[in-house]
Structure formats: C-alpha cells, structure tokens
Amino acid sequence: TLSDRLADTFKNLRGKGRLSDADIDATAREIRIALLEADVALPVVKEFVAAVKDRARGEEVSGALNPAQQIIKIVNEELVEILGGETRRLRYAKTGPTVIMLAGLQGAGKTTLAAKLALWLKEQGKQPLLVACDLQRPNAVKQLQVNGERAGVPVFAPEPGNGVGDPVGVARASIEEATRRLHDVVIVDTAGRLGVDAELMQQAADIRDAVRPDEVLFVVDAMIGQDAVGTAQAFLDGVGFDGVVLTKLDGDARGGAALSIRSVTGRPVMFASNGEKLTDFDVFHPDRMAGRILDMGDVMTLIEQAEKTFDQEQALKAARKLSGDGEFTLEDFLEQMQQVRKLGSMSKILGMLPGMGQMREQLENFDDREIDRIQAIIYSMTPAERVNPKMIDGSRRARIAKGCGRTVTDVNQLVDRFFEARKMMQQMARGGGMPGMPGMPG
Ligand code: GDP
Ligand code: MG
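Quantities reported herein were computed from a predicted structural model and do not represent experimental measurements.

Points about the overall build of the chain
Line of reasoning, step 1. Per the secondary structure count, the chain includes 19 helices and eight strands.
Line of reasoning, step 2. For the chain, buried positions account for 38% of its 442 residues.
Line of reasoning, step 3. When contacts within the chain are restricted to residue pairs at least 6 apart in sequence, those whose partners lie at least 24 apart make up 74%.

What follows is the structure, encoded as structure tokens:
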C-alpha cells in the first residue's frame, strides 16, 4: 500500500527538520503510482501530485508524525478537499415537487438507485414518486415497479392516457400527477445504453427540458475505472448534471473515478451505492473515499491517534516541569500497574523470596479488569492532576467519577492507594529495597 511504500521511502529520514527535494520527488512517485492503481485519470493524477509536492515543500516535519505519515496526511487532506470537502446535500424546490432526474449508461445502477433514493427520502418524511421513463428495455418499467414496491413508494408508469412509448410524455405527465397527489419529490428514471449514444442523449435532454429538474444526477459504475472521465464528460455536454452518484462500491474498485469525475467536471459526488439491497446506500463521504483511493485502511486513524498521543505527551511534559522532576506521579503509578499486568508470572518468583508472600497475594488478586478500571479513572483526570494529585478536590473527584463512569468512592480509593504507594516508594528509596516494584495496590 501507499503507506508501506512511503515508509520505505523515508526509512532514513528520521530526525531531519524538513523534507528534501529528493525526498519529495520520491514521495511524488509513490503517490502517482497509488493514484494510477486506483484508476484515477492521468491528467488528474499529474495535477494532484503537483499540488501535493507544492504543499510538502513548505511543510516542517512535525514531532508527532514520521515523514511518511505526514505526507499521507497531506495527501489525504488534499484528496478530501478535491472530493468536495463537506458532503453536498440535495437541493429542494422552493415550491412544488422537487424533481430529481437520473442519467447514465445502461447497467450503471440508475433504476436500483431510484428506489434506494426513494426509500431514503421516505425515511426522512418525504413522499416521493418514482417515474419510469426507461421505455427502451422491455423489462425496465417492471423492474422499477418491483423496486418501488419494495421501497413502499408508488411508481408512475406509462399507461394508455399518459404517453405509452413516449418517455418525454410520461415525464411531463408525471409532474402533473405528483402535483395533484401532493408528492414532494419526483425521481425520474431514464434509459441508458451500453455506450454513449447520440439518440439516447437527446432523449435524456428532452426529458430534462420537459420536467426541468432541480437536480440531475449522473449515475456511474465505480468499476468502469478509466472510462469514467470520458463518459462523464459526454453526459455533461449532452444532458448536463449537478451531482454524481457512484455505484457498485461494494466491488473492489478503488474509487479513482470519484476523483477523476470531480476534477474534470467540477461536479460533486453526492451519493454512494454499495450493494444490491435497497439500504446499501449512503450520502457520499469524501474522507472515506480518500482512504479508499489511497488504499490505506486505518492509516488515517493511526495518524490521528499518533497526533493525539503526542499532544497528550506534550501536555504531560509541561505539567511535569511545573511540579518539579522526579516526583512519583499518577502517570508513573499507572505505568507500573501496566507493568504488573505483564508481570503476572512474577508472582511465583516473588513468593519464593522471604517476606514477599504478602506481595505475591496482592499480585494474584490483581486482575486485568482492575487495571482497566484504574486506567479509566486516571485517564479521566487532566494531565496536571495526574502529575499533582493533591490538586484533585471533592468537586473534581465527582467530575472524574462521572467522566469514567465510576463512583466517587472508587476515585477516592484510587487516590488513597496512590498516596500509599508513593509513601512506600519513598521508604523503599531510603531503605534501598525493591526498586522497580513500588506502585503496588495497598
Ligand atoms: P440501470 O441500467 O442504470 O438502471 O442499472 P440497474 O439499476 O438496472 O442495475 C444494473 C445491475 O447492477 C443490477 O443487476 C443491479 O442489481 C446492480 N447494481 C446496482 N447498484 C449496485 C451496487 O451498488 N452494487 C452492486 N453490487 N450491484 C448493483
Ligand atoms: Mg434502468
């Protein structure tokens, strides 16, 4: 994956203050490969990589992240930005029914999507009407009716009287019907062919003129990869569209089409379809798609965690400075508890030492959940409190208890236990006995 390859690229870079031009070039190569592998169109890749290089040049290597992580963070942020930043929402008509028209190649997933969208809108309290304007394929109307029934949404289909064989006539009649029956959203399903086709494109444009949609959505199969750009451009020229729906994201396509279409047409991806069930549908999340294009799984989560931990460590260091070095703190206490967890087997050895029988007993009673409880309480404290527990007064104890879901008594016991441990430590330091085993519970 990209993150592995970048980690390789930066094997020797730790400790440098700034990325060198050579580092950045090597990085750019890896990003380029990753994007091409995700089926992003070449011109889009070039433009994108140039933007990332530009930004990487100005950036200082931060303390929290290694250079590979840092570059990935930049790439991810730029990707999210280009993919639209925030999810673009549907625009509803101010008066009368909101008309949403679907366009795209045959097999893209329009008819399926029409029903998914209808169900989704219905769940938000809307009263959609589905309209069957694909009179091209013999079974298309039936398919929409079946899906409409599943979604519990009525379907307006050609019948004698509302334009049999004439998709534009059906479309026009459907708006009258929707107005009469007080539907607030109309979803118009249209025909598509296997390739871009002038006649069908004209039909879609005619339907568009007849219903004047508030939103034209271009539906595209994520699996068509590099062909996505050409197809999107043809539909943009032939019909025009306001947003994109990416389908079949349950397949193994990496989703580069999203980036290409967005860059080339300037239209945002609004919805994502990821399966054949009506509920396999969601608004589009640029951040998730960015992760998918970069094939990074949980890398972003790890990066965020690294940054958070780093911030906490910084806060702790600062707090420690304030209270004077060398003092035994709750942080140290916790660390020792965690070591004790690892030392489970130590109990036997301890038991063999004279005078250590009592400690052995304590160790054996010391189960993992106990450590988890202690950890939760300590994590609910501020860094300053962990370093200087004397400042934890009654109201803070109540707060801390609330923060970790324990009782105030639990917090009190922990704090008492800590002070005992600290006393024991100091005694041991004077007596020179058993260093390294202080934080034992009392
Ligand atoms: P249309 O020709 O654009 O109307 O496409 P359809 O809605 O008829 O879908 C074509 C095929 O793709 C059907 O077999 C659908 O069940 C399937 N399909 C649609 N959306 C998805 C999706 O998100 N994931 C998967 N796996 N299949 C889908
Ligand atoms: Mg269809």
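A word on the site of ligand 1
Line of reasoning, step 1. Around ligand 1, a shell composed of 17 residues is seen, among which Gly-109, Lys-110, Thr-111, Thr-112 and Ser-273 lie nearest.
Line of reasoning, step 2. Counting residues per element, the shell around ligand 1 draws most heavily on helix α5 (residues 110-123), which supplies three residues.
Line of reasoning, step 3. Across the shell around ligand 1, the residue classes tally to one nonpolar, 11 polar and five charged.

Comments concerning the confidence of the model for the chain
Line of reasoning, step 1. Scored by pLDDT, the chain has a mean of 83; 80% of the residues are at 70 or more.
Line of reasoning, step 2. Across the chain, element-level confidence peaks in strand β1 (residues 98-103) with a mean pLDDT of 98 and bottoms out in helix α14 (residues 346-352) with 50.
Line of reasoning, step 3. Below pLDDT 50 for its whole length, residues 433-442 participates in 21 contacts with residues either more than four positions away or in separate chains.
Line of reasoning, step 4. As a predicted assembly, this complex carries a pTM of 0.70 together with an ipTM value of 0.99.

Focus on helix α4 (residues 67-82)
Line of reasoning, step 1. Its 16 residues place the ends of α4 23 Å apart at the C-alpha level, agreeing with the 22 Å of an ideal helix rising 1.5 Å per residue.
Line of reasoning, step 2. Immediately beyond the C-terminal end of α4, within one or two residues, lies Gly-84, with a positive phi of roughly 125 degrees.

So, the pairing of strand β5 (residues 215-221)
Line of reasoning, step 1. Among the seven residues that make up β5, six are buried, leaving the element largely enclosed by the rest of the structure.
Line of reasoning, step 2. Note that the unit made of β5, helix α9 (residues 228-238) and strand β6 (residues 243-247) has a crossover that is right-handed.

Some thoughts on the UniProt feature "domain: SRP54-type proteins GTP-binding" (unreviewed entry) in the chain
Line of reasoning, step 1. In the UniProt entry, the feature "domain: SRP54-type proteins GTP-binding" (unreviewed entry) is given for residues 268-281.
Line of reasoning, step 2. For residues 268-281, helix accounts for 0% and strand for 43%, while the C-alpha atoms at its two ends are 17 Å apart.

A closer look at unusual backbone geometry
Line of reasoning, step 1. Even without a glycine there, the phi angle at Asp-39 is positive, about 70 degrees.
Line of reasoning, step 2. Given 23 C-beta atoms within 10 Å, Asp-39 falls into the buried group.
Line of reasoning, step 3. Phi angles above zero are rare outside glycine, and Leu-182 is one such case at about 60 degrees.
Line of reasoning, step 4. In this structure, Leu-182 sits in the loop between α7 (167-180) and β4 (185-189).
Line of reasoning, step 5. What makes Leu-182 exposed here is the crowd of 9 C-beta atoms within 10 Å.

Quick notes on the rules
- Residues numbered from 1 in each chain as written.
- Chains lettered and ligands numbered in written order.
- Predicted model: local features only at pLDDT ≥ 70, side-chain atom pairs only at ≥ 80, totals over all residues.
- Helix = DSSP H or I, 4+ residues; strand = E, 2+ residues; numbered from the N terminus.
- Buried ≥ 20, exposed ≤ 12 C-beta atoms within 10 Å, placed from the backbone.
- Contact = placed C-beta atoms within 7 Å.
- Near = placed C-beta within 6 Å.
- Nonpolar A, V, L, I, M, F, W, Y, C, P; charged D, E, K, R; others polar.
- pLDDT = per-residue confidence, 0-100.
- Expected span 1.5 Å × (residues − 1).
- Right-handed = clockwise from strand over helix to strand, strands pointing away.
- UniProt positions renumbered as here; feature names shortened; annotations may be inferred.

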